[in-house]
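Spelled out from the first residue to the last, the chains are:
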Amino acid sequence: MNLPNKLTIARICMIPLFVFFLLTNMVPYSNYVAVAIFIIACLTDALDGHIARKYNLISNFGKFMDPLADKLLVCSALICFVQLQLVPAWIIIVIISREFIISGFRLIASDNGIVIAASWWGKFKTTAQMIMSILLIINFDGAFFNVLEQVFIYVALILTVISLIDYLIKNKNVLKEGSK
């Protein structure tokens, strides 16, 4: 197993620890432990992709598991935010629904031998979701941070919808290919 795949597996293994520290107060400053785990997991995502491309270590395992690990990490955080009453459930449903729709689209494309690259809108969406998550996990007190958290919640939501629309428009032929 190559290094990028090991980093992907490590990211998946971090998720239960992240959720534990985010949802419990058994450890002092558990939200800071959770945010550290979340940031490390996000960094392993950037690092595994960089290493895989730079050293030509791209594998079928990595193509499948890397995006899955990302979705598991982000969706875990989002679901925890609902339980912690930090984000309304409808926003999380929209964000997670987008992930299911895009995953389904990619599956259809893959069955037809089509590889769909990530768009800039998707990258912006992911960045906004990660910043939003970090802000919500740390959960600083004060009006400025409350407004900043709300801004990033809605920026992430808007970018989620824009990236979905962009993705569907750019790849509408995938559905035509799938109907052959």
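Heads up: the structure comes first, above all this text.
Remember, predicted model here, so these are calculated numbers, not experimental data.

> I keep staring at the pattern of salt bridges and nothing clicks. Help me out?
A side chain of one charge can pair with a side chain of the opposite charge if their charged atoms are brought near each other. Enumeration over the complete set of coordinates arrives at eight salt bridges. Asp66 is the partner of Arg11 in a salt bridge, and the nearest nitrogen-oxygen pair spans 2.5 Å. Here the residue Arg11 occupies a position in helix H1 (residues 3-23), and Asp66 occupies one in helix H3 (residues 60-83), the gap between them amounting to 55 residues. Linked through salt bridges whose partners overlap, the residues forming this network are Arg11, Asp45, Asp48, Asp66 and Asp70.

> Teacher, can you tell me more about helix H4 (residues 89-111) here?
Since one α-helical turn is 3.6 residues long, residues separated by three or four positions face the same way. With 23 residues, H4 extends 33 Å between its outermost C-alpha atoms, agreeing within 8% with the 33 Å of an ideal straight helix rising 1.5 Å per residue. Within H4 the residues assigned to the buried category are Ile91, Ile92, Ile95, Ile96, Arg98, Glu99, Ile102, Phe105 and Ala109. Looking one or two places after H4, you find Gly113, whose phi comes out positive at around 75°.

> Got a minute to help me understand unusual backbone geometry in this structure?
One can expect most non-glycine residues to show negative phi and most peptide bonds to be in trans. The residue Asn56 is not glycine, and still its phi comes out positive at about 50°. Relative to the helices and strands, Asn56 is located in the loop between helix H2 (30-54) and H3. Assessed through its relative accessible area of 64%, Asn56 is described here as exposed. Backbone geometry at Asn139 places phi at a positive 55°, although glycine is not the residue there. Mapped onto the secondary structure, Asn139 falls in the loop between helix H5 (120-138) and helix H6 (143-170).

> Is there a simple way to think about the packing of H4 against H5 in this case?
It is the contact of H4 with H5, at a shortest axis distance of 13 Å, that shows an interaxial angle of 140°. On the basis of their axis angle, the class for H4 and H5 is oblique. Remark: the crossing between H4 and H5 carries left-handed chirality. Here Ile95, Arg98 and Glu99 of H4 lie close against H5, whose contacting residues are Gly122, Lys125 and Gln129. Across the contact of H4 with H5, the residue classes break down as one nonpolar, two polar and three charged.

What counts, and at which threshold
Residues numbered from 1 in each chain as written. Predicted model: local features only at pLDDT ≥ 70, side-chain atom pairs only at ≥ 80, totals over all residues. Heavy atoms only, no water. Salt bridge = Lys/Arg side-chain N within 4 Å of Asp/Glu carboxyl O. Helix = DSSP H or I, 4+ residues; strand = E, 2+ residues; numbered from the N terminus. Expected span 1.5 Å × (residues − 1). Buried < 20%, exposed > 50% of the residue type's maximum accessible area, 1.4 Å probe, protein only. Axes fitted to C-alpha atoms, helices over the stretch in contact; angles between N-to-C directions. Parallel < 35°, antiparallel > 145°, perpendicular 65-115°, else oblique. Left-handed = near helix turned anticlockwise from the far one by under 90°. Contact = heavy atoms within 4.5 Å. Nonpolar A, V, L, I, M, F, W, Y, C, P; charged D, E, K, R; others polar.

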